[in-house]
Amino acid sequence: MLFTLAWRNLWRNRSRTLITMASVFFAVLLSVFTMSLQKGVWDNLTKNVVSFYAGYAQIHLSGYWDEQVLDNSFAYSDSLNQIVLQQPHITGTTPRLESFALASSEQSTKGSIVVGVDPEKENMVTKLENKLTDGKFIQLSDTAVLVAEGLAKKLQLGVSDTIVLIGQGYHGSTAAGKYPIKGIVKFASPELNAGIVYLPLLEAQNLYGAPGMLTSLVLSLDDPSNLNKVVSNLRPIIGNAYEVMPWQEMMPEIQELIRTKEGSTYIIIGILYLLVAFGIFGTLLMMTAERRYEFGMLMAIGMKRKRLAWVVLVESLLVTITGCLVGVLVAIPLVSYLHTHPIRFSGQMAEMYEGFGFEPIIPTVFSPPVIIEQTVIVTCIALVLSLYPLVKVFTLNEVEAMKR
Amino acid sequence: MDTIIDAHNISKVYNPDTIPVYAVNNVHLHVHAGEFTALVGPSGSGKTTLLNLLGGLDRPTSGNVVINGVDITQLSPSQLIDFRLHNIGFVFQSFNLIPVLTARENVEFIMLLQNVSKKERDQRVTALLAEVGLADKMNVRPAQLSGGQQQRVAVARALASKPKFILADEPTANLDSVAATKLLDIMAKLNQEENMTFIFSTHDQRVIDRARRVITLVDGAITSDTGQTPTD
Ligand SMILES: Nc1ncnc2c1ncn2[C@@H]1O[C@H](COP(=O)(O)OP(=O)(O)O)[C@@H](O)[C@H]1O
Ligand SMILES: [Mg+2]
């Protein structure tokens, strides 16, 4: 009958029970949604930024990142590549030979990054081919180049025109070459757009007098979340001669940006928790005050505090668990739908995103750990608050409680 | 006759450090089995406080209360709850019942707390509700009962635990005279037929007239005690 009593007490003040349940329900729903959305935004931001150019991780000769010069390049070897590819979660490698040179036309000259790539493989990391706005994409065997849109404009060059590259080659040699422009590529990053030239890798090695040499080997992963594992696993295997750098080390400012964003999300979620806590606590406070006399009366006629506490606890558990369950049951399809059908926005924000070459969408992650974590947190908050009526039951004085 | 309540010089003082209020002032009292006793006095004279002390709801500032040979002032709070459950029936002025339980469940509830078997519970509930004239209201919730009917259910519940005595604090205060008379009739019948001891407080003269013993309280002290069963 104690359970019956608890059950009927829930229906006694229907609206109060529903308000409490709804608080828990919305807390679960909103916290799962907010967290999934935020995580989606960070993941997407990272993906976008990383696929700009750097990739998730790179292997260089030790010391290259601090001093990015050709003399810090390393000889590509199949055996090194094989070792890297054998590691779990690594799905591919993309070689680059990158340096700085002056790019000129008859009209003008501008310093730019001149990077030798394997065009097919480069597509895996940066989807370079998608950035083509004019002309054709280069092949590994070509002796032609792709020029960034801003640079081409500055040099007043177009497809089929010739670009001259002059710079310093490997070990002090002179690098100079003349190449037809096969295509124009457009970058969202103004910096890259104003100064990058892509050469097929072999041609770049020729130009710089560095046959068989690379400045970096970009890694492709099956899932970005495995990045740290991959890096720490790879470091001892390839040894001290090389450095393995995750994007966070190559682009600390982006890491920093995401950290601050993460911080503000936790503040928002914290406020959400607080609101919900007040909502639940308010109804519990009302309930306890309203039933004070009844609790006193029940103890007066001989109901042990423990039994009374049990009834009150069952009531709280029923409300909390129902609210959480319904919350999760609604949150799962919602988050999963928004994962497959990301929110697409328009207007100024969209233009800004598109300006950076990002899709103007807010993707939502569908991550069981996020759902579980948020549900558990909200449940715990609700359960801790449910202790309040219990504390009241254990400290109540029956005579005082029955005074009206 | 058996003494079931033996109160030795009990006092209850509120605010002893500031302005002391002697809610019960040095009361000496014996109650025997089978009594039908009224506790009378103006509002604030200490009736409720005294009943609470006799029923083990409250502890005296000094003195002790012995019930059936057990000094209840020596019991721990949790022992006291259990002692009340098995020895004392309570009827309060109002709101005696659990609103979400039916009349039958309210009466059954106390036996459930006592771990009485289902079979016996069912038998007793039916018999008790018939005894208080509510056989037809068994499955009705308190809100659907009149004030008098609610008090009768409360009496049935008090009786259900087979207590040594029943304490009723102004049980008729919220009732009209017809309902009050009916409640008193039932209490008197239970007293006569089953020898159940009742101690009730009141300031209603018609109720006072029904009592065999009348104890008058003024400012927490007994000023008169009439019709007392002679002590042996
Ligand atoms: N908790 C308390 N604190 C202070 N004084 C109290 C308290 N409870 C009762 N009193 C006082 O004790 C006296 C007796 O009260 P009570 O037993 O309720 O009287 P009655 O039931 O006869 O009306 C009153 O003067 C009342 O104000
Ligand atoms: Mg009173």
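What you are looking at is a predicted structure, and each value in this text was computed from that prediction instead of being measured. Counting starts from 1 at the beginning of each chain's written sequence and moves along it residue by residue. As a convention, the first chain written is A and the first ligand written is 1, with the rest following in written order. Under the rules for a predicted model, residues below a pLDDT of 70 receive no local features and side-chain atom pairs below 80 are neither given nor counted, while totals for whole chains, interfaces and linings still include all residues.

Observations regarding the overall build of chain A
Broken down by element type, chain A carries 15 helices and 14 strands. Over its C-alpha atoms chain A spans a radius of gyration of 31 Å, topping by over 25% the 22 Å that the globule rule assigns to 404 residues. For chain A, the spread of C-alpha atoms along the three principal axes comes to 100 × 50 × 30 Å. Secondary structure elements are defined from DSSP: runs of H or I of at least 4 residues count as helices, runs of E of at least 2 residues count as strands, and each element is numbered from the N terminus. We compute the radius of gyration over the C-alpha atoms and compare it with the globule rule, which gives 2.2 Å times the number of residues raised to the power 0.38.

With respect to the interface of chain A and chain B
C-beta atoms are placed from the backbone for every residue, and two residues are taken to be in contact when these atoms lie within 7 Å. Every contact between the two is made by 16 residues of chain A and, on the other side, 21 residues of chain B. Elements with a minimum of two residues in the side of chain A that touches chain B: α1 (2-12), α11 (292-300) and α15 (398-401) of chain A. Counting residues per element, the side of chain A that touches chain B draws most heavily on α11(A), at 5 residues. All amino acids are sorted into three groups, where Ala, Val, Leu, Ile, Met, Phe, Trp, Tyr, Cys and Pro are nonpolar, Asp, Glu, Lys and Arg are charged, and the leftover types, Gly among them, are polar. In terms of residue class, the side of chain A that touches chain B is made up of 9 nonpolar, 2 polar and 5 charged.

Observations regarding the site of ligand 1
All names here are of chain B. Taken together, Tyr14, Asn15, Val21, Ala23, Gly41, Ser43, Gly44, Ser45, Gly46, Lys47, Thr48 and Thr49 are the residues near ligand 1. Of all the secondary-structure elements, those providing two or more residues to the shell around ligand 1 are β2 (21-32) and α1 (47-54). Ranked by the residues each element gives to the shell around ligand 1, the list is headed by α1, at 3 residues. In this text, near has one meaning. A residue is near a molecule or strand if its C-beta atom, placed using the backbone, is within 6 Å of it.

Describing the sheet that holds strand β1 (residues 3-14) of chain B
Residues and elements named next belong to chain B. Ordered in space as β2-β1-β4-β5, the 4 strands form an open sheet in which the pairing is antiparallel. In this open sheet, the two edge strands, each paired with only one partner strand, are β2 and β5 (70-71). The criterion for strand pairing is that DSSP finds at least two bridges linking the strands in question. Bridge count between β1 and β2: 8 bridges; the pairing is antiparallel. Looking at the pairing, Ala7 lines up with Leu29 of β2.

Digging into the sheet that holds strand β9 (residues 213-218) of chain B
Residue and element names in this part refer to chain B. The strand order across the open sheet formed by 6 strands is β6-β7-β8-β3-β9-β10, and the pairing between neighbours is mixed. Bordering the open sheet on either side are β6 (88-91) and β10 (221-226), each of which pairs with just one other strand. Each adjacent strand pair in this sheet contributes to an overall mean axis angle of 20 degrees, direction not counted. Note that strand β3 (residues 36-40) and β9 share 4 bridges and pair parallel. The residue of β9 that forms the bridge with Val40 is Thr216. Comment: axis = line fitted to C-alpha atoms, over the contacting stretch for helices; angle = value between 0 and 180 degrees taken between N-to-C directions.

What to know about the domain arrangement of chain A
Domain start and stop points were drawn from an automatic or database domain assignment. Examined at the domain level, chain A breaks down into domain 1 (2-49 + 255-401) and domain 2 (57-250). For domain 1 of chain A versus domain 2 of chain A, the distance between C-alpha centres works out to 49 Å.

A closer look at the packing of helix α4 (residues 118-131) of chain B against helix α5 (residues 147-160) of chain B
Residues and elements named next belong to chain B. Two numbers describe how α4 lies on α5: the axes approach to 9 Å, and their chain directions differ by 135 degrees. Judged on the interaxial angle alone, α5 and α4 are oblique. Two packed elements cross with a definite hand, and for α4 against α5 that hand is right-handed. Along its contact with α4, which presents Arg124, Leu128, Leu129 and Glu131, the element α5 presents Ala156, Leu159 and Ala160. Along the lines of polarity and charge, the residues of the contact of α4 with α5 split into 5 nonpolar, no polar and 2 charged. Angles are sorted into four bins: roughly parallel if under 35 degrees, roughly antiparallel if over 145, roughly perpendicular if 65 to 115, and oblique for all others. Rotating anticlockwise by less than a right angle from the far helix to the near helix defines a left-handed crossing, while the corresponding clockwise rotation defines a right-handed one.

Structural notes on the environment of Leu97(B)
Residues and elements named next belong to chain B. Here Leu97 lies in the loop between β6 and α3 (103-113). In sequence terms Leu97 and Asn9 are 88 residues apart; their C-alpha atoms lie 33 Å from each other. Once residues within four sequence positions are removed from consideration, Leu97 is found in contact with Asn106, Pro142, Gln150, Val153 and Ala154.

Looking at the pairing of strand β8 (residues 174-185) of chain A
Each regular strand shows side chains that alternate between the opposite faces of the sheet. All names here are of chain A. When strand β5 (residues 132-135) meets β8, the two strands line up antiparallel, connected through 3 bridges. Along β8, the bridge assignment pairs Gly135 with Gly183. For strand β6 (residues 145-148) and β8, the ladder comprises 4 bridges, and the chain directions are parallel. By the bridge assignment, Ala148 is partnered in β8 with Val185.

So, the packing of helix α2 (residues 14-50) of chain A against helix α14 (residues 368-395) of chain A
Helix packing geometry: the angle between the two helix axes and the distance between the axes. Residue and element names in this part refer to chain A. Relative to each other, α2 and α14 sit at 145 degrees, their axes nearing to 9 Å. Remark: the crossing between α2 and α14 carries right-handed chirality. Counted together, Val24, Ala27, Val28, Ser31, Val32, Met35, Ser36 and Lys39 of α2 and Val370, Ile371, Gln374, Thr375, Ile377, Val378 and Ala382 of α14 form the full contact between these two elements. Its residues assigned to classes, the contact of α2 with α14 comprises 10 nonpolar, 4 polar and 1 charged.

Overview of the confidence of the model for chain B
The predicted model of chain B averages 93 in pLDDT, with 97% of residues at 70 or higher. Complex prediction metrics read pTM 0.76 and ipTM 0.93. Confidence scores here are pLDDT values: one per residue, from the predictor, ranging 0 to 100.

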